[in-house]
Amino acid sequence: MEHSGLLFKIDSKSPIPINLQIKEQIKWLIGKDLLKPGDTLPSTNQLADQLSINRNTIQGVYSQLKEEGLLSIQKGRGTQVAGEEEITRFKIQNTYFSFVEQTIKDAYELGFTIENVLLSGFAYMQLFGQPLKRKLSYLFIECKVSSCIFYLDEIKRMTSADIHTIDVSSSPENILIESIHNADVIVTRADLAEKVKRFADAAKKTVISVGSSNDVSLLLNMLRP
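Residues numbered from 1 in each chain as written. Predicted model: local features only at pLDDT ≥ 70, side-chain atom pairs only at ≥ 80, totals over all residues. Heavy atoms only, no water.

S.K.: So what exactly am I meant to see when it comes to the overall build of the chain here?
M.R.: Of the regular secondary structure elements, the chain holds 10 helices and six strands. Across the 225 residues in the chain, those meeting the buried criterion constitute 34%. Put simply, 58% of the contacts in the chain that link residues at least 6 apart link residues at least 24 apart. Carbon and sulfur atoms make up 53% of the accessible area of the chain, which totals about 14,100 Å². (Helix = DSSP H or I, 4+ residues; strand = E, 2+ residues; numbered from the N terminus. Buried < 20%, exposed > 50% of the residue type's maximum accessible area, 1.4 Å probe, protein only. Contact = heavy atoms within 4.5 Å. Areas by Shrake-Rupley, 256 points an atom, 1.4 Å probe, with all protein chains shown as cover.)

S.K.: Whenever I open this one, the packing of aromatic side chains confuses me. Can you help?
M.R.: For any pair of aromatic rings, geometry is given as the distance between the ring centres together with the angle between the planes. Within the structure shown, the criterion is met by three aromatic pairs. Aromatic pair Trp28 and Phe97: ring centres 4.8 Å apart, planes at 80°, arrangement edge-to-face. Remark: Phe97 occurs in helix α5 (residues 97–109) and Trp28 occurs in helix α1 (residues 18–31); sequence separation between them is 69 residues. Here Trp28 falls in the partly exposed class, since its relative accessible area comes to 25%. Taken together, Trp28, Phe90, Tyr96 and Phe97 form an aromatic cluster joined through their ring pairs. One residue, Arg198, lies across the ring of Phe199, its end atom 5.1 Å from the ring centre. (Phe/Tyr/Trp six-rings, centres within 6.5 Å; stacked < 30°, edge-to-face > 60°. Lys NZ or Arg CZ within 6 Å of the ring centre and 35° of its normal.)

S.K.: Looking at this structure, how should I read the pattern of salt bridges?
M.R.: Side chains that carry opposite charge are capable of pairing whenever their charged atoms lie near each other. Scanning the model with the defined rule gives seven salt bridges in all. For Lys91, the salt bridge is made with Asp33, and the minimal N-O distance between the two is 2.2 Å. Within this pair, whereas Lys91 is found in helix α4 (residues 84–93), its partner Asp33 is found in the loop between α1 and α2 (44–51), the two being separated by 58 residues in sequence. Classification of Lys91 by relative accessible area gives partly exposed; the value is 28%. Across the pair Lys197 and Asp201 runs a salt bridge whose closest N-O atoms are separated by 3.0 Å. Of this pair, Lys197 and Asp201 both sit in helix α9 (residues 193–202), four residues apart, which is roughly one turn of that helix. (Salt bridge = Lys/Arg side-chain N within 4 Å of Asp/Glu carboxyl O.)

S.K.: When you look at the nonpolar core in this model, what are you seeing that I'm missing?
M.R.: Most often, soluble globular proteins have nonpolar side chains that are buried together. Grouped together as the largest cluster of nonpolar side chains are 22 residues, with contacts concentrated most on Ile22, Ile26, Ile30 and Ile58. Those elements giving two or more residues to this core turn out to be α1, α2, α3 (55–67) and α4. Beyond its immediate sequence surroundings of up to four residues, Ile30 is in contact with Leu35, Leu70, Val81, Ile87, Phe90 and Lys91. Counting 17 residues, the second-largest nonpolar core is a separate cluster that includes Leu139, Ile166, Ala183 and Ile186. (Core = buried A, V, L, I, M, F, W, Y, C linked by side-chain atoms within 4.5 Å.)

S.K.: Looking at this structure, how should I read helix α6 (residues 114–128)?
M.R.: For an α-helix, 3.6 residues make a turn, and residues three or four places apart therefore share a direction. With 15 residues, α6 should reach 21 Å at 1.5 Å per residue; the first-to-last C-alpha distance of 21 Å fits that figure. Note on α6: the residue one or two positions beyond its end, Gly129, has a positive phi of about 65°. (Expected span 1.5 Å × (residues − 1).)

S.K.: I tried to follow the pairing of strand β6 (residues 207–210) on my own but got confused; where do I start?
M.R.: In regular strands, side chains alternate between the two faces of the sheet. The two faces of β6 match: Val207 and Ser209 on one face and Ile208 and Val210 on the other face are all buried. Across four bridges, the pairing between strand β5 (residues 185–189) and β6 is parallel. Note that in β6 the partner of Ile186 across the bridge is Val207. (Pairing = 2+ DSSP bridges.)

S.K.: Is there a simple way to think about the sheet that holds strand β3 (residues 137–141) in this case?
M.R.: For sheets, the rule is that strands pair by backbone hydrogen bonds, running either parallel or antiparallel. What the four strands build is an open sheet, ordered β4-β3-β5-β6; its pairing is parallel. Single-partner strands in this sheet number two, and they are β4 (162–166) and β6. Between one strand and the next, the sheet's axes are offset by a mean angle of 25°, whatever the strand orientation. Of the pairings in the sheet, the one linking β3 to β5 comprises four bridges and is parallel in character. Each bridged residue has a counterpart across the sheet, and for Tyr138 the counterpart in β5 is Val185. (Axes fitted to C-alpha atoms, helices over the stretch in contact; angles between N-to-C directions.)

Below, the structure is given as structure tokens:
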């Protein structure tokens with residue numbers, strides 16, 4: 001589908017560069033499925049005219065998003081949203097959209113100026129970095145056999161990690177994907193490792209299968225202080 005009429009908004013007075021404003025808006029449109037895999041974006045000239053800015057700015061944004069795997073630029077076909085595989089990977093690796101949306105709604109309801117909240121948050125991160133050291137999150141997938149239960153119990157006993165379990169036979173695929181993305185360590189049965197690995201690879205996570213001596217050693221090393 002062609003989206004030459006997409007309405008972008010820029011603020012020339014914002015401390016955020018215009019190219020970054022446009023780039024992040026395109027990511028939001030993709031993240032909320034308003035731009036779907038294969039959709040055609042406005043040409044650089046169309047968007048430059050719409051926003052009254054230099055076409056080179058648009059060209060630079062499109063090129064950056066192409067390098068990030070979100071856009072495809074082909075002569076004669078224009079600029080399109082990348083394929084379904086690339087966009088699915090992007091969504092798996094960037095599940096923060098709903099969190100940001102809710103945070104902005106909360107800030108608005110409290111009467112805060114959204115721009116001030118966001119800029120203050122950026123300044124805080126520059127000054128202090130991560131506010132707290134996060135607990136490791138372990139995800140046990142379909143671990144009902146005794147070997148899995150043993151390691152799950154050991155982790156509970158030896159660490160303060162967050163422990164989560166999921167049953168793939170009764171959980172929707174989107175719940176499995178989100179759970180894998182949110183986990184630091186993924187543990188499953190050896191016979192399910194390949195299936196789980198397909199989703200874990202997209203999220204750039206390592207799968208530890210109980211049944212392999214090498215993987216079990218890795219798991220035990222993670223338990224040690």
